[in-house]
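Chain and residue survey
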Amino acid sequence: NIGIRFMTFQLSLFRLTMKRLFSASHSSVDSKEMKKFQLLAQKWWDEEGEYSALHSMNDIRVPFIRDTLLNMSSNYHLGNPLSGVKILDVGCGGGLLSEPLGRLGASVTGIDPLEDNIRTADQHKSFDPVLAKRIQYKSSSLEEIVEECMETFDVIVASEVVEHVADLEMFIKCCSQVLKPEGSLFITTINKTQLSYVLGIVVAEKIIGVVPEGTHEWEKFVPPEELERLLESNGFSVKTVNGMLYNPLLGSWSWMESTSINYAMHAVKSGAQGQSSPADAPSELGSEQPLATAGTTM
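Rules used throughout
Residues numbered from 1 in each chain as written. Predicted model: local features only at pLDDT ≥ 70, side-chain atom pairs only at ≥ 80, totals over all residues. Heavy atoms only, no water. Helix = DSSP H or I, 4+ residues; strand = E, 2+ residues; numbered from the N terminus. Buried < 20%, exposed > 50% of the residue type's maximum accessible area, 1.4 Å probe, protein only. Areas by Shrake-Rupley, 256 points an atom, 1.4 Å probe, with all protein chains shown as cover. Patch = residues over 30% accessible without salt bridge, like charges linked within 9 Å, V, L, I, M, F, W, Y side chains within 5 Å. Salt bridge = Lys/Arg side-chain N within 4 Å of Asp/Glu carboxyl O. Axes fitted to C-alpha atoms, helices over the stretch in contact; angles between N-to-C directions. Parallel < 35°, antiparallel > 145°, perpendicular 65-115°, else oblique. Left-handed = near helix turned anticlockwise from the far one by under 90°. Contact = heavy atoms within 4.5 Å. Nonpolar A, V, L, I, M, F, W, Y, C, P; charged D, E, K, R; others polar. Disulfide = S-S within 2.5 Å. Expected span 1.5 Å × (residues − 1). Bend = angle between axes of the 7 residues up to and from the residue. Polar contact = N/O pair within 3.5 Å; in protein donor to acceptor, adjacent residues only side chain to side chain. Phe/Tyr/Trp six-rings, centres within 6.5 Å; stacked < 30°, edge-to-face > 60°.

What about the overall build of the protein?
- Looking only at helices and strands, the protein features 10 helices and 9 strands.
- Here the protein holds 298 residues, and the buried ones make up 51% of them.
- Roughly 14,700 Å² of accessible area belongs to the protein as shown, and the carbon and sulfur atoms make up 55% of that amount.

This is the structure:
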């Protein structure tokens, strides 16, 4: 018996070691990117600081998510329109997007590989007892939660994240794995164009400094066509692509038709064959467009 137990223990230890080695070598997390954000972990909630553009982005990205989901669902609660919706906020940082989604009634799980970001997010949500119940944060990469969260979430948001990941295809695959059939994926990111280089890096980082210098690498920017191809090949149907424009003088964002700089994308995971969606989960995209959006509907 002792010999069998020892062999079982050794086998478990081997599996755990191999799992850790695999996750370390097959990770969407870029260690260089983590070092950049480590330096700013305490500054997430300074609305006039390095993340001011992300604070003001909430003015359009939160209504975009809310209105899209409401147009897909027939049942919602006044005051808490996203009540009952389970959202995963990937790369949540200090919780800038998790908190407003929680205030809309959603049950939000925010994950970020940087422990200091999670510490900041946890501390800030603790000021609001309602948010403390609705939001939970975890220091983790996306692939680390796949096994325990298979088809768990109704919605995934990855806002200003995909331009920082090491392996975009793996990232999309993991999103598909933790999302329920017919669940929604919302992405905002930066296109890979000459204009995005000039405005997103030269102007934003080097001249007016609305983004810390070195935040972005143009080589990692993702054209919407490439993102759409990756999504479609991993079981998603792209529903909406909207162009976004930041005005540094006003410190505000607006929608525009062109996706040549920033853009937002909404995609829906295909449903399981012969399986109807849960009553409280988003089903099909309605004929009406989100009230807060403008741009191209696929």
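Still more to cover.
Looking at a nonpolar patch on the surface
- Taken together, the side chains of Leu 195, Tyr 197, Val 198 and Leu 199 define a hydrophobic patch exposed on the protein surface, amounting to about 310 Å² of accessible area.
- By the secondary structure assignment, Leu 199 is in helix H9 (residues 194-207).

Structural notes on the pattern of salt bridges
- A full pass over the atoms with the stated rule returns 11 salt bridges.
- Of the charged contacts in the structure, one is a salt bridge between Asp 128 and Arg 103, with a shortest N-O distance of 3.9 Å. Here Asp 128, found in the loop between helix H5 (115-125) and helix H6 (129-134), pairs with Arg 103, found in helix H4 (residues 98-103); they are 25 residues apart in sequence, far enough to count as distant.
- Residue Arg 103 is classed as partly exposed on the basis of its relative accessible area of 44%.
- Residues Glu 169 and Lys 173 are paired through a salt bridge, measuring 3.4 Å at the closest nitrogen-oxygen approach. A residue pair is termed a helical-turn pair when its members lie 3 or 4 positions apart in one helix, as Glu 169 and Lys 173 do in helix H8 (residues 168-178) at 4 residues.

Quick look at the packing of H8 against helix H10 (residues 224-232)
- Orientation of H8 relative to H10, taken along the N-to-C sense of each, is 45°, at an axis distance of 10 Å. Taken together, H8 and H10 sit at an angle that is classed as oblique. The element H8 and its partner H10 pack so that their crossing is right-handed. Contacts between H8 and H10 involve Leu 168, Glu 169 and Ile 172 from the former and Glu 226, Leu 227, Leu 230 and Leu 231 from the latter.
- Grouping the amino acids of the contact of H8 with H10 by side-chain chemistry returns 5 nonpolar, no polar and 2 charged.

Side note on the state of the cysteines
- By the definition in use, this model includes 0 disulfides.
- Its sulfur unpaired, Cys 174 is 7.3 Å from the next cysteine sulfur, which belongs to Cys 175.
- Classification of Cys 174 by relative accessible area gives buried; the value is 6%.

Concerning helix H3 (residues 52-72)
- End to end, H3 covers 31 Å across 21 residues, agreeing with the expected 30 Å (1.5 Å per residue, within 8%).
- Remark: the principal bend of H3, roughly 40°, maps to Asn 58.
- Burial analysis of H3 places 18 of its 21 residues in the buried class, the great majority of the element.

Here we look at the side chain of Thr 68
- Tracing the backbone through its elements, the reader meets Thr 68 in helix H3.
- Side-chain polar atoms of Thr 68 contact the backbone oxygen of Phe 64, separated by 2.6 Å.

Some points on the packing of aromatic side chains
- Enumeration according to the criterion identifies 4 aromatic pairs in this entry.
- Here the aromatic rings of Trp 44 and Tyr 51 are separated by 3.8 Å at their centres, their planes lie at 0°, and the arrangement is stacked.
- Among the residues examined, Tyr 51 registers a relative accessible area of 5% and is labelled buried.
- Counting every residue linked through ring pairs, the aromatic cluster contains Phe 64, Phe 186 and Trp 255.

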